[in-house]
Amino acid sequence: MKNIILILFIVLINYPSYSQKQDNYNINKQSFVNLENKTCTFEEILKSKKGQTVYLFFWANWCGVCKKEIPKYIQVYRELKDKNVSFLYVSTSDSKHSWMKALDDLKIKNHGTHYHCDIDQLDLFWETFKLEGVPQFVVIDPEGNIKDKNAPWPTLLAGNEYMQQVTFLEK
């Protein structure tokens with residue numbers, strides 16, 4: 001009986017870490033489409049950004065608040081483009097067509113790196129990043145670890161005293 005209780009205890013203690021590792025594995029293997037219509041995994045995206053802090057912007061073309069944040073995101077991009085910070089947009093738009101149209105309409109193609117997340121993949125992102133909705137901003141450190149799942153919005157950063165505190169992005 002002691003052995004069964006011990007085994008059950010060990011399984012229960014290790015379950016959350018296994019579950020988290022499984023989520024990270026699953027998220028890293030998710031495929032995205034970039035502007036050139038090439039497919040890549042989240043793992044490949046992070047590998048290409050290795051050594052840089054990533055300021056990740058989850059957004060959607062149908063989201064009015066997202067659209068209002070984009071000019072401030074671009075302003076922060078301009079203020080930090082010479083720093084070791086990479087700006088990454090992940091769109092959860094309804095379709096690739098609506099995503100591409102939004103990129104053209106909003107004139108944001110040249111202000112960061114863009115990817116489209118299929119609506120079926122979105123649940124895994126919601127779970128892994130504990131997303132509360134869009135827009136949401138996430139900071140990933142230069143080693144590829146999630147540093148802040150609820151990072152400050154660009155509205156708080158762009159062109160004011162918070163910009164002095166933006167060093168959280170550069171570390």
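Here the structure is shown first, and the text comes after it.
Being a predicted model, the structure only gives us computed values, none of them experimental.

The secondary structure content of the protein amounts to 7 helices and 7 strands. Starting at the N terminus, the α and β elements of the protein follow one another as α-β-β-α-β-α-β-α-β-α-β-β-α-α. Here the protein holds 171 residues, and the buried ones make up 43% of them. If you take every contact in the protein between residues at least 6 apart in sequence, the share linking residues at least 24 apart comes to 66%. With the model as given, the accessible surface of the protein reaches about 9,800 Å², and the carbon-plus-sulfur share is 54%.

What follows is about helix α4 (residues 96-106). Buried within α4 are the following residues: S98, W99, A102 and L103. Looking down the long axis of α4, one finds its buried residues gathered within 140° of arc, a one-sided arrangement. Where α4 is buried, its residues contact β1 (31-34), β3 (53-59), β4 (85-91) and β5 (113-116). K107 sits one or two positions beyond α4 and adopts a positive phi of about 55°.

Let us now look at the side chain of S91. Within the secondary structure, S91 is located in strand β4. Among the polar contacts made by the side chain of S91, one reaches the side chain of S93 at a distance of 2.6 Å. Residue contacts for S91: discarding those within four places in its chain leaves W59, W99, Y115, H116 and C117.

Okay, the pairing of β1 next. Within a regular strand, side chains alternate between the sheet's two faces. Both β1 and strand β2 (residues 39-41) contribute to a ladder of 3 bridges, which runs antiparallel. Within β2, the residue paired with F32 across the bridge is C40. Of the strand pairs in this sheet, β1 and β5 are connected by 2 bridges, and their pairing is antiparallel. Looking at the pairing, V33 lines up with H116 of β5.

Another aspect to go through is the pattern of salt bridges. Under the counting rule described, the total for this entry stands at 2 salt bridges. Measuring nitrogen to oxygen at the nearest pair gives 2.8 Å for the salt bridge that ties K101 to D105. Of the two residues, K101 and D105 are both situated in helix α4; the distance of 4 residues between them amounts to about one turn of the helix.

Moving on, we get to the packing of aromatic side chains. With the rule as written, the count across this model stands at 13 aromatic pairs. Taking 4.9 Å as the distance between ring centres and 50° as the angle between the ring planes, the aromatic pair formed by F57 and Y73 counts as tilted. Remark: Y73 occurs in helix α3 (residues 64-80) and F57 occurs in strand β3; sequence separation between them is 16 residues. For Y73, a relative accessible area of 0% gives the class buried.

Further remarks concern α3. Residue pairs spaced three or four apart in an α-helix point in one direction, given the helix's 3.6 residues per turn. With 17 residues, α3 should reach 24 Å at 1.5 Å per residue; the first-to-last C-alpha distance of 25 Å fits that figure. Among all positions of α3, only C66, E69, I70, Y73, I74, V76, Y77 and L80 are buried.

The strand order β2-β1-β5-β4-β3-β6-β7 describes an open sheet built from 7 strands, whose pairing is mixed. Single-partner strands in this sheet number two, and they are β2 and β7 (146-148). Averaged over all pairs of adjacent strands, the angle between strand axes in this sheet comes to 35°, irrespective of strand direction. Judged from the 5 bridges that link them, β3 and strand β6 (residues 136-140) form a sheet pairing that is antiparallel. Across the sheet, residue V54 finds its bridge partner in β6, namely I140. Against the sheet, α3 makes contact with β3, β4 and β6, and its axis sits at roughly 165° relative to β3, the strand it touches most. Sheet contacts for α4: β1, β3, β4 and β5; angle to β5, the most-contacted strand, approximately 155°.

Thresholds applied
- Residues numbered from 1 in each chain as written.
- Predicted model: local features only at pLDDT ≥ 70, side-chain atom pairs only at ≥ 80, totals over all residues.
- Heavy atoms only, no water.
- Helix = DSSP H or I, 4+ residues; strand = E, 2+ residues; numbered from the N terminus.
- Buried < 20%, exposed > 50% of the residue type's maximum accessible area, 1.4 Å probe, protein only.
- Contact = heavy atoms within 4.5 Å.
- Areas by Shrake-Rupley, 256 points an atom, 1.4 Å probe, with all protein chains shown as cover.
- Arc of directions from axis to C-beta.
- Polar contact = N/O pair within 3.5 Å; in protein donor to acceptor, adjacent residues only side chain to side chain.
- Pairing = 2+ DSSP bridges.
- Salt bridge = Lys/Arg side-chain N within 4 Å of Asp/Glu carboxyl O.
- Phe/Tyr/Trp six-rings, centres within 6.5 Å; stacked < 30°, edge-to-face > 60°.
- Expected span 1.5 Å × (residues − 1).
- Axes fitted to C-alpha atoms, helices over the stretch in contact; angles between N-to-C directions.

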